[in-house]
Every structure is written in structure tokens, then in C-alpha cells.
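So the chains spell out like this:
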Amino acid sequence: MSNIRAIRGMNDILPDATAIWQYVEATVRELVASYGYAEIRMPIVEQTDLFKRSIGEVTDIVEKEMYSFDDRNGESLTLRPEGTAGCVRAAIQNGLLNTTQRLWYAGPMFRYERPQKGRQRQFHQIGVEAFGVATPDMDAEVILLSARLWRLLGISADVQLQLNSIGSLEARSAFREALVDYLQQHRESLDEDSQRRLDSNPLRILDSKNPATQALLDAAPALGDYLDAESRADYARVKELLDAAGVTYTENPRLVRGLDYYNKTVFEWVTDRLGAQGTVCAGGRYDGLVEQLGGKPVPGMGFAMGIERLVLLLEACEQLPPVVAAADVYVVAYGDAAQREAVAASEQLRDVFAGLRIVQHTGGGSFKSQMKKADKSGARVALIWGEDEVAAGTVSLKTLRSRNDAQQGQQSVAREQLEETLRALLAD
RNA sequence: GUGGCCGUAGCUCAUCAGGUAGAGCACCGGAUUGUGACUCCGGAGGUGGCGGGUUCGAGACCCGUCGGCCACCCCA
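Residues numbered from 1 in each chain as written. Chains lettered and ligands numbered in written order. Predicted model: local features only at pLDDT ≥ 70, side-chain atom pairs only at ≥ 80, totals over all residues. Heavy atoms only, no water.

## So, the sheet that holds strand β8 (residues 250-251)
Next, step 1: Overall, mixed pairing links the eight strands, which are arranged β1-β5-β6-β11-β10-β9-β7-β8 in an open sheet. Sheet topology places β1 (38-39) and β8 at the edges, where each strand pairs with a single neighbour.
Next, step 2: In this structure, strand β5 (residues 101-110) lies alongside strand β6 (residues 122-131), joined through 10 bridges in antiparallel fashion. The residue bridging Tyr105 from the neighbouring strand is Gly127, located in β6.
Next, step 3: In the packing of helix α4 (residues 84-93) onto the sheet, the strands contacted are β5 and β6, and the crossing angle to β6 comes to about 45 degrees.
Next, step 4: Lying over the sheet, helix α9 (residues 229-245) contacts β7 (160-165), β8 and β9 (263-270), oriented at roughly 160 degrees with respect to β7. (Pairing = 2+ DSSP bridges. Helix = DSSP H or I, 4+ residues; strand = E, 2+ residues; numbered from the N terminus. Contact = heavy atoms within 4.5 Å. Axes fitted to C-alpha atoms, helices over the stretch in contact; angles between N-to-C directions.)

## Structural notes on the domain arrangement of chain A
How big an interface is tends to be stated in terms of the accessible area lost upon association of its parts.
Next, step 1: Along its sequence, chain A is carved into domain 1 (15-168 + 228-316) and domain 2 (329-426).
Next, step 2: Taking only C-alpha atoms, the centre of domain 1 and the centre of domain 2 are 49 Å apart. (Domains from an automatic or database assignment.)

## Topic: the pattern of salt bridges
Next, step 1: Applying the stated criterion across every chain yields a total of 20 salt bridges.
Next, step 2: The partner of Arg102 in a salt bridge is Glu141, and the shortest N-O contact between them spans 2.7 Å. In this pair, Arg102 is assigned in strand β5 and Glu141 in helix α5 (residues 136-153), connecting sequence segments 39 residues apart.
Next, step 3: The shortest N-O distance in the salt bridge between Asp287 and Arg285 comes to 2.8 Å.
Next, step 4: When its relative accessible area of 0% is taken as the criterion, Arg285 is described as buried. (Salt bridge = Lys/Arg side-chain N within 4 Å of Asp/Glu carboxyl O. Buried < 20%, exposed > 50% of the residue type's maximum accessible area, 1.4 Å probe, protein only.)

## As for unusual backbone geometry
Next, step 1: Of note in this structure, Lys264 is not a glycine but carries a positive phi near 50 degrees.
Next, step 2: Checked against the element boundaries, Lys264 lands in strand β9.
Next, step 3: By relative accessible area, Lys264 is classed as buried at 6%.
Next, step 4: Phi at Glu318 takes a positive value of approximately 55 degrees, unusual for a residue other than glycine.
Next, step 5: For Glu318, a relative accessible area of 69% puts it in the exposed group.

## Looking at the protein's contact with RNA strand B
Next, step 1: Around RNA strand B, 51 residues are found, and the nearest of them are Arg119, Arg197, Arg204, Arg257 and Asp388.
Next, step 2: For RNA strand B, the backbone portion of the atoms within 4 Å of the protein, that is sugar and phosphate, comes to 57%.
Next, step 3: Arg5 is positioned such that a nitrogen or oxygen atom in its side chain is 3.2 Å from a sugar or linking oxygen of RNA strand B.
Next, step 4: Arg8 has a polar side-chain atom sitting 2.5 Å from a phosphate oxygen of RNA strand B.
Next, step 5: At the level of elements, α3 (60-65), β6, α7 (192-200), β10 (279-285), β11 (300-306), α13 (367-377) and α14 (387-392) are the ones that each hand at least two residues to the surface near RNA strand B. (Near = heavy atom within 4 Å. Polar contact = N/O pair within 3.5 Å; in protein donor to acceptor, adjacent residues only side chain to side chain.)

## Points about a negative patch on the surface
Next, step 1: On the surface, Asp49, Glu57, Glu63, Asp70, Asp71 and Glu75 cluster together into a negatively charged patch.
Next, step 2: Considering the arrangement of structural elements, one finds Asp70 in strand β3 (residues 67-70). (Patch = residues over 30% accessible without salt bridge, like charges linked within 9 Å, V, L, I, M, F, W, Y side chains within 5 Å. Areas by Shrake-Rupley, 256 points an atom, 1.4 Å probe, with all protein chains shown as cover. Lys, Arg positive; Asp, Glu negative; His and termini not counted. Charge placed at Lys NZ, Arg CZ, Asp CG, Glu CD.)

## With respect to the packing of aromatic side chains
For any pair of aromatic rings, geometry is given as the distance between the ring centres together with the angle between the planes.
Next, step 1: Using the criterion set out here, one finds eight aromatic pairs in the structure.
Next, step 2: Three or more aromatic residues joined by ring pairs form one cluster here, namely Phe131, Tyr261, Tyr262 and Tyr286.
Next, step 3: Sitting over the face of the ring of Tyr112, Arg121 holds its NZ or CZ atom 3.8 Å from the ring centroid.
Next, step 4: In this arrangement the basic side chain of Lys239 is found over the ring face of Tyr235, its NZ or CZ atom lying 4.1 Å from the centre. (Phe/Tyr/Trp six-rings, centres within 6.5 Å; stacked < 30°, edge-to-face > 60°. Lys NZ or Arg CZ within 6 Å of the ring centre and 35° of its normal.)

As C-alpha cells, this is what we get:
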């Protein structure tokens, strides 16, 4: 098979799966609408600098995971690795930020990583971003919105909320110094990766999976002790609001996000049912980002969730939407004259029955083979046209796959009675 | 980028001291005149990921390469 294949890590989403995706998307659509969020659609490609300036130069995403290339005019472009940066750019550019904005988006993101369970190079996120509100009530709103989604999808019991505050930029740099001081003294005990990060991105050592490193961190300075008064108060208020709404969470003082633009509240929804990639949804506050990208100082709060991971989770939890048949009515026609009438009749039925899924048999074949197709289509009713029907000016309706024998059967009716007979059959 | 496991029909897999491949499901057709599901019969479909090597002979052994899965890293 030396045929052309899809790019590694970029998967086709096949018909069986798209049904689940559509279910998730439809659920989200209703959910965000119920909180007053409006959809925004951004380009998939942006200037490379947008991501460097927002996500952070020393993050893994920017250093080694971006799909970047030169446009024909020599400008460096990048396939978006996440959605927030582009959303902020769009909001600034289009002057949306002089008032509160509640936005959401969905679409593909691209990161050059080694594929594994729950991770691919083209993956899909649904993101929510709220601009213009600095107070922690907005933090709570965004988190409550996400919590509601798990309820709607029936997976509340399988995801846990992890919560933390990483404070202001100033608080973080003070803490960073203290942390580095401490860890320098134990440099030898650190795992290799953490040693490297000691210089590049020391905060990330906090969520190292290495047990020895974690043990070392027990005696390390705590981020919470360095929080500024405002971050501390806001964090308390977020928890208060979550408590009041009955959303439970786990405080994780070592939760730091991998993107530089976060401050104050950060959170992750994690599950233990997806193997190593257990984060289903993550986000936080990013009050400096808009200004950093050239806008006025407008605060922001948002999250993104991975649709692939959500779908995997729904499968793992057996919370999939019911499988629906591809057709409601299958139209069988034997012979040229019969087909002529059948095709025309199907068109008329589609005029009358909005949304009814009528599959017209194509490709000829015996009655038998056509009936097999009708059965496999999952249709409840087969409309049958043959020489007899044409001669008599009738059409036969046969009930397929009924639950009880009483409903089984076939009847022939005059053409003019097709609509009402069909309506009656479908009403059962 | 690193590591482990894997790569035989559309799908799930089997076979074998190394002697040029099989099953189930799916698909197509048939079981008397125009009719599905169950059953029975039949059929089509594989240069055994690709390239080299060892051998009289390799899908089976060796090397390389590509791809898949899982994990590390990182993240949704």
C-alpha cells in the first residue's frame, strides 16, 4: 500500500464517529447559548508572532510543536496550536473589547507531537472566552458552565475539578526565585527533565510526574504563600461561588498551566479513564494577554476542551447517544416505469415531510436485493413500486423491523393515499 | 525527540521446524414466477506495510525503513 495516506496524527473522523461528535457539538451549542455566549470563528492560520507573544517563547508549544511555514511573501505563518491567541487577536482587531464579551469557538488545532491515546497532531477544541470582567464571579461562571456540560453529557462522576491560583505576575516571579533557590540546593536529586526546566521554566517542575521530584517539592516553598492579596481574595471568592453552586473541586497547589499567559485562577478537569492524557478541559484567567497583544488592558477568562478526549471519555463511560438509522423510508422500484414514478413521488414526499429521511434505491437489482438494502438502511417503512403498482396506479407500503407482528405487513394504496398512509405508519 | 509492543483479506484474528495463506464478521449472488430480517449454498477479495539480506525456498529468521498503538516529554 504505497498509496497516499493521511498525515501522521491527523485522523479521519468516520461516519460512525461523526454522530457522536455532532451530539457533543449540539450539546455544547445549547449549553453556551444558555449562558449567553456567542460563537466566533477565526482563521486556522495566523502570524507566527501571535503565538510566540501569547503562549510564550520558552514553552514546548512554541519551541518545538508549531506547524510553521513561510508564506509566499516570506512572512512566517503558523497553524494555530490553540484558540485563545487567535480569539484575542480577533477581538482586538474588530473592536469587540469595549464591552463585556462572552465568546465561544470550535475547530481544529495543530501541534507537532508524538501521537498517543487522546493526543493527535490535528485535534479539535471547543473554547470559551469571556472578556472585560476582572472579578471572580466571571471565573466561577466559566467553571460552572463547564461543570454543567459534564452533567449534560452524563459524565460528571468521571471528571474531577482541580483548582489553583497562580497569582499575579509579580507574585509568580517572587515565588519563582524562591523555588529556584530551593531547588538549586537539591539539583542533584532532581530528574533530568526538571534540571533542564530549572533554567528554562522552573514553575513547570511543580507538576512533574517524577515521584522523587514530587517528594522534593513537599519541602519546597509554596506558591500559595506568595500570592498577592487580591489573588488570594479572588481565589477565595471563586471557591465560595463554586461551593454555593454545589460544584466540588480539589485544590491543587501544584497546578500550573503550560501557557505563559495565565494568572490568578487556573483549573483543569481531569479523568482517570483515558490513560496518560487525563486532562479533558483546562483554562484560567489571563488578564494581561489582551494588552500584551496590543489591546487595551482588558481582562480575560476562559478554557478549552479537547473533543477527541471527550468522545473517548463518553465511550469509556458508555454515555454515547443512541444510534440512529440512516433512513426513515426506503424506496424500492423495479423497472424503468416504476423508477420514474418512485423518484418523482419521493421528491413530493420530501416536500411534504420536512426532515423525513427518504432513501431512494439506486443501482437496480432484484426486488430481493433492493429489499435487503431497505432492511439494512434501518428504515421503518419501505415504499415498493413494481409493474403491478404502475399498472394499478398504486404503491405498496411495507413495515420493516416492527416490534410486534401485528404491525408487520404490507398494504397497497392508491397513489393519492400515499401521504396519509405513510403518515399513519410513521405515527405508530 | 526517547522507549516498549505491533504491522497477514474492508474489520477481528489464525496458521507455520521456514516449503509460495485460512476462519468469523462484513460485502455480492442464489435457495422456482416481484419482497428484507433467521437459515442453507455459492462467490469475490490478500504481490502477508515497504526495501534489502540469509536460504534450494520466507509472511514466518536478520537488518533497514515506513506506519500503528501505548508510555515519557508536553498538553486539550
